[in-house]
Every structure is written in structure tokens, then in C-alpha cells.
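# Survey of secondary and tertiary structure
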Amino acid sequence: MRVLGVDPGLTRCGVGVVDGAPGRPLTMVACGVVRTPAEEDVPLRLLRIEQGIEEWLDLHRPDKVAVERVFAQHNVRTVMGTAQASAVAMLCATRRGIPVALHTPSEVKAAVSGSGRAEKAQVGAMVTRILRLDAPPKPADAADALALAICHIWRGTATNRIAAALSRVREPRP
């Protein structure tokens, strides 16, 4: 399975692609950041993010897209920009028929480090170890995007299997 992880942000939108399956070694395909100038109007910035995500989808053809779920923060401007960038990523994937999954920051941290309260440096170190990289991916937004992809491969597939099993249990038997 190939997963594109998206760490949404209006200035820096982290993107990372990981190949793999649960119980097998994972491989980083690519990682980077879609950047927009802070002085530009928001609609133009969102257009740049859309163009950047579309390029990543064209180039890497993921099977799934994992996006960080936006949660309430104290800074309303930051959460609004993050939510807008998140929506753009979900729209780009959905337009192509690619399934989208949302994962909370604590869920991602727990998946890659064992602790939902892990610091950014610890997440970067674990991403480096899990993907057998020589150094942590830079910037941190790219490492976070890879962590999202790893989380989805490890947790998303299990969650889907559990949901499928539960739906079979709930179906009336003939």
C-alpha cells in the first residue's frame, strides 16, 4: 500500500509518501513541503497548496491519503489556516477517488513512538528509525507527514478490518 501523509499548514504543508504493509518493513518514497508566502492572500495560498498536492498525487499515485485531523488551538488564525489546508488536501484526494483518513496528532505520536505526548524530536527520531533513514527528515513538517503515513499503514488498515468484521457480525444471518 502507498500512503500520502499530509501535515496541513498554510505556510508549510508537509507531504510524505510511504510504501508498506502492517508487519512488513516500510519504505519512504519521498517527503517535502508545499510552501506558500505569508504575505500572499489566503485564496492564492490555498490555490498553491492545491497545485502542490495535485503534483504529489500525480507523481506518486498513492492508494490512500492520511491527513492530520485539525483540533482546537488557542490561536484561531492558525487553526483556520490549518483547517483550510486540510480541506484542500481532502478535496484533491476525494476528487480522484482516493480514500482519505484523518488521524489526530496524539494518535500519530502514539503509533510511531508509543506515547501520544511525544515531542517533535522524538517523532522525527522514530520516523528515522522506522523508515531506516540516515537522518531525520527536514523540515519537521515533512517528518510529521511521514509519521501520518506510517500511522495510517499501521493503524488504518487494522481499523478498517475491525469495522468490516463488526459489520459482518451485525448483519442478520439468513
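Please refer to the structure higher up on the page.
Now for a quick tour of the structure. All values derive from a computational prediction rather than experimental measurement.

### Re the overall build of the chain
- The helix and strand inventory of the chain stands at five helices and five strands.
- Mapped in sequence order, the helices and strands of the chain form the string β-β-β-α-β-α-β-α-α-α.
- The buried share among the 174 residues of the chain stands at 44%.
- Residue pairs in contact within the chain that sit at least 24 positions apart in sequence constitute 63% of those at least 6 positions apart.

### Concerning the packing of helix 1 (residues 42-60) against helix 2 (residues 76-95)
- Running from amino to carboxyl end, helix 1 crosses helix 2 at an angle of 40 degrees, the nearest separation of the two axes being 9 Å. The pairing of helix 1 with helix 2 is recorded here as oblique in orientation. Our pair here, helix 1 against helix 2, has a crossing hand that is right-handed. Two secondary-structure elements touch here, helix 1 through V42, L46, I49, E50, I53, E54 and L57 and helix 2 through Q84, A85, V88, A89, C92, A93 and R95.
- Taken together, the residues that form the contact of helix 1 with helix 2 break down as ten nonpolar, one polar and three charged.

### Details of the pairing of strand 4 (residues 64-68)
- Burial analysis of strand 4 places four of its five residues in the buried class, which makes it a mostly covered element.
- Bridge count for strand 1 (residues 2-7) against strand 4 is four bridges, and the pairing is parallel. By the bridge assignment for strand 4, G5 is matched with A66.
- Across four bridges, strand 4 lies against strand 5 (residues 100-103) in parallel orientation. Paired with E68 across the bridge in strand 5 is H103.

### Notes on the pattern of salt bridges
- Enumeration over the complete set of coordinates arrives at eight salt bridges.
- With a closest N to O distance of 2.6 Å, R48 and E40 form a salt bridge.
- Since its relative accessible area comes to 39%, R48 is described here as partly exposed.
- Here E54 ties to R95 by a salt bridge, and the two come within 2.7 Å at their closest N and O atoms.

### Remarks on the nonpolar core
- Core analysis: the biggest nonpolar cluster contains 21 residues, and L4, V6, I49, I53, W56, L57 and V65 have the highest contact counts within it.
- Among the elements of the structure, strand 1, strand 2 (12-19), strand 3 (27-35), helix 1, strand 4 and helix 2 are those that each provide at least two residues to this core.
- With residues up to four places along the chain from it excluded, the contact list for V65 reads L4, V6, L57, A93, I98, P99, V100 and A101.
- Judged by nonpolar contacts, the second largest core, of 19 residues, contains L26, A66, V127 and L131.

### Observations regarding the side chain of D7
- Structurally, D7 is set in strand 1.
- As a buried residue without a salt bridge, D7 has its nearest oppositely charged side chain in K120, at a separation of 5.0 Å.
- In this view, D7 contacts R12, C13, G14, E68, D141, D144, A145 and L148; residues no more than four positions away in its chain are not counted.

### Notes on helix 1
- Over its 19 residues, helix 1 runs 27 Å from end to end, which matches the ideal 27 Å to within 8%, given 1.5 Å per residue.
- Here helix 1 has its buried residues at R45, L46, I49, E50, G52, I53, E54, W56, L57 and H60.
- Here the buried face of helix 1 lies against strand 1, strand 2, strand 3, strand 4 and helix 2.
- Count one or two residues on from helix 1 and you reach R61, which has phi positive near 45 degrees.

### Concerning the environment of V88
- Turning to its location among the elements, V88 is positioned in helix 2.
- For the pair formed by V88 and L47, sequence separation is 41 residues and the distance between their alpha carbons is 8.6 Å.
- Other than its neighbours up to four places away in sequence, V88 contacts L46, I49 and E50.

About the thresholds
- Residues numbered from 1 in each chain as written.
- Predicted model: local features only at pLDDT ≥ 70, side-chain atom pairs only at ≥ 80, totals over all residues.
- Heavy atoms only, no water.
- Helix = DSSP H or I, 4+ residues; strand = E, 2+ residues; numbered from the N terminus.
- Buried < 20%, exposed > 50% of the residue type's maximum accessible area, 1.4 Å probe, protein only.
- Contact = heavy atoms within 4.5 Å.
- Axes fitted to C-alpha atoms, helices over the stretch in contact; angles between N-to-C directions.
- Parallel < 35°, antiparallel > 145°, perpendicular 65-115°, else oblique.
- Left-handed = near helix turned anticlockwise from the far one by under 90°.
- Nonpolar A, V, L, I, M, F, W, Y, C, P; charged D, E, K, R; others polar.
- Pairing = 2+ DSSP bridges.
- Salt bridge = Lys/Arg side-chain N within 4 Å of Asp/Glu carboxyl O.
- Core = buried A, V, L, I, M, F, W, Y, C linked by side-chain atoms within 4.5 Å.
- Lys, Arg positive; Asp, Glu negative; His and termini not counted.
- Expected span 1.5 Å × (residues − 1).

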